[in-house]
Amino acid sequence: MNTKAPDTRPLGMTESYHATQCWLAFIGEPTTRIEDPTDGVVQLYTERLMVRIRVGPEPASQSAVIAMLRAGAEIQNLTMTMFSPTGYNLSAIEFAEMRGLPLFTLTPSGEVIGETVAARALIPSGEYEPPFADRAEEEEEFLPEPEPEPEPEEEFEDRFDLDPVEWTSCPRCRAHQHPNLVQCAACGADLNERPSFLANGAATGHTLEPITPASPATSEPRRGVSSLQCRSCGSHDIELIHE
């Protein structure tokens, strides 16, 4: 949402002229004549006043006040005054105070401020509405900063250091079992049981995957058992030796 802030830039010549005209009309001194003797200067005349509007980048100096006196040297029965949107330096105010000259400052809103005793004496007690009381410029619209995107979560295995499980086999049915189990989850055999038979692979250093021996009557392996498997090489080409 846009917001507005007071514009603190000094008034330009057109705005200063307008603000001065409004104030002169407010105090009952309408303008009767206008002159522009030099760049940055406009002079207004009323029945009682010679009003010099001086616009420049810096506060008006003592030399600017002296230039006003020179411009009105031949004018009689008129009070010389100066209006400046950038104010005055100390030497200009002190010089004007010694000569009883009214110096006024125009604020950015067009309000008139008396800088000397003679100037404050001309300001009426009535309430004056500056012509640029609502003068403002739109501030730049500020959008909320976007929230940073959350970092992608690491993969499960990156967040937890898990050692691979070395599965073991049941000595009876050869079903793969977790090494922490004591009994086979498939047939209930004791996983610490050792086989009571030998195979011809024992001589070569192979460890056999034990199974329940085949029934002597049928010479067929029990149900669910198809062959032996060497634990070292995984071979099924193993011959049982019955004593």
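For the structure itself, consult the block above.
Every chain's residues receive numbers from 1 upward, in the order its sequence appears when written. Local features in a predicted model are, by the rule used here, given only for residues with pLDDT of at least 70; side-chain atom pairs are given and counted only at 80 or more, and totals for whole chains, interfaces and linings are based on all residues. Only heavy atoms go into the side-chain values, all of them from the structure, while hydrogens and water stay out.

Trainee: Run through the nonpolar core, naming residues and quoting values.
Mentor: Formed by 16 residues in total, the largest nonpolar core has its most connected members in W23, V51 and F83. Secondary structure is summarised from DSSP: a helix means a run of H or I of at least four residues, a strand means a run of E of at least two, and numbering begins at the N terminus for each. Elements that contribute at least two residues to this core include exactly α1 (13–26), β3 (41–45), β4 (49–54) and β6 (103–106). For W23, the contacting residues outside a window of four places in its chain are F83, F104, V112, L122, I123, P124 and Y128. Residues belong to a common nonpolar core when they are buried Ala, Val, Leu, Ile, Met, Phe, Trp, Tyr or Cys residues joined through side-chain atoms within 4.5 Å. Buried residues are those whose accessible area, probed at 1.4 Å on protein chains only, stays under 20% of the maximum for their type, while exposed residues exceed 50% and partly exposed ones sit between those limits. With 15 residues, the next largest nonpolar core counts Y45, A64, M68 and I93 among its residues. Two residues qualify as a contact provided that any one of their heavy atoms is within 4.5 Å of a heavy atom in the partner residue.

Trainee: Quick rundown of the pairing of β6? Include the residues and the values.
Mentor: Looking along a regular strand, one sees the side chains alternate between the two faces of the sheet. Residues of β6 alternate between two faces, with L103 and T105 on one and F104 and L106 on the opposite face, all of them buried. Pairing analysis gives 3 bridges linking strand β5 (residues 79–84) to β6, with the strands arranged parallel. Looking at β6, one finds that F83 is bridged to F104. The handedness of a crossover follows from its direction of travel: if, with the strands pointing away from the viewer, the path from the first strand over the helix to the second runs clockwise, the crossover is right-handed. Between β5 and its parallel partner β6, the chain crosses via helix α3 (residues 90–99), and the hand of that crossover is right-handed. In short, DSSP must find at least two bridges between two strands for them to pair. For β6 and strand β7 (residues 112–114), the ladder comprises 3 bridges, and the chain directions are antiparallel. Of the residues in β7, the one forming a bridge with T105 is I113. Counting the residues between successive antiparallel strands, the hairpin from β6 to β7 contains 5 residues, one of them, G110, with a positive phi of roughly 90°.

Trainee: Please give an account of the packing of aromatic side chains that cites residues and values.
Mentor: Planes of paired rings set the category: under 30 degrees apart is stacked, over 60 is edge-to-face and the rest tilted, where pairs are Phe, Tyr or Trp rings (Trp by its six-membered ring) whose centres lie within 6.5 Å. The final tally for this structure, using the stated rule, is 4 aromatic pairs. When the ring of F26 is compared with that of Y128, the centres are 5.0 Å apart and the planes differ by 50°; the resulting orientation is tilted. Of this pair, F26 sits in helix α1 while Y128 sits in the loop between α4 (117–122) and β8 (136–138); the two residues are 102 residues apart in sequence, bridging distant segments of the chain. Ring pairs connect the aromatic residues W23, F83 and F104, which therefore count as one cluster. By definition, being over a ring means that NZ of Lys or CZ of Arg is both within 6 Å of the ring centre and within 35 degrees of the ring normal. The positively charged end of R33 is found above the aromatic ring belonging to Y45, 3.9 Å away from the centroid.

Trainee: Describe the sheet that holds strand β2 (residues 33–38), and please don't skip the residues or the numbers.
Mentor: If you walk across this open sheet you meet the 6 strands as β2-β3-β4-β5-β6-β7, and the pairing is mixed. The open sheet terminates on both sides in strands that have one partner only, identified here as β2 and β7. Across this sheet, the average inter-strand angle for adjacent strands is 25°, counted without regard to direction. Helix axes are fitted to C-alpha atoms over the stretch in contact, other axes to C-alpha atoms as well, and angles between N-to-C directions run from 0 to 180 degrees.

Trainee: How would you explain the pairing of β3 if you had to name every residue and give the values?
Mentor: Of all the 5 residues making up β3, 5 are buried; the element is thus mostly covered by neighbouring parts of the structure. Burial along β3 is two-sided: the residues V41, Q43 and Y45 and V42 and L44 are all buried. The sheet contact formed by β2 and β3 spans 4 bridges and is antiparallel. Residue pairing for β3: R33 is matched across the bridge by Y45.

Trainee: Could you give me a rundown of the side chain of E29, with the residues and numbers involved?
Mentor: Position of E29 among the secondary structure elements: in the loop between α1 and β2. By relative accessible area, which is 6% here, E29 ends up buried. Side-chain polar atoms of E29 contact the side chain of T46, separated by 2.9 Å. For the purposes of these results, a polar contact is taken to be a pair of N or O atoms within 3.5 Å, where, inside protein, one atom must be able to donate a hydrogen and its partner to accept one; residues adjacent in sequence count only when each atom of the pair is a side-chain atom. Looking at E29, its side chain comes within polar contact range of the side chain of R48, at 2.4 Å. When neighbours within four sequence positions are excluded, E29 is seen to be in contact with L24, T46, E47, R48 and L49.

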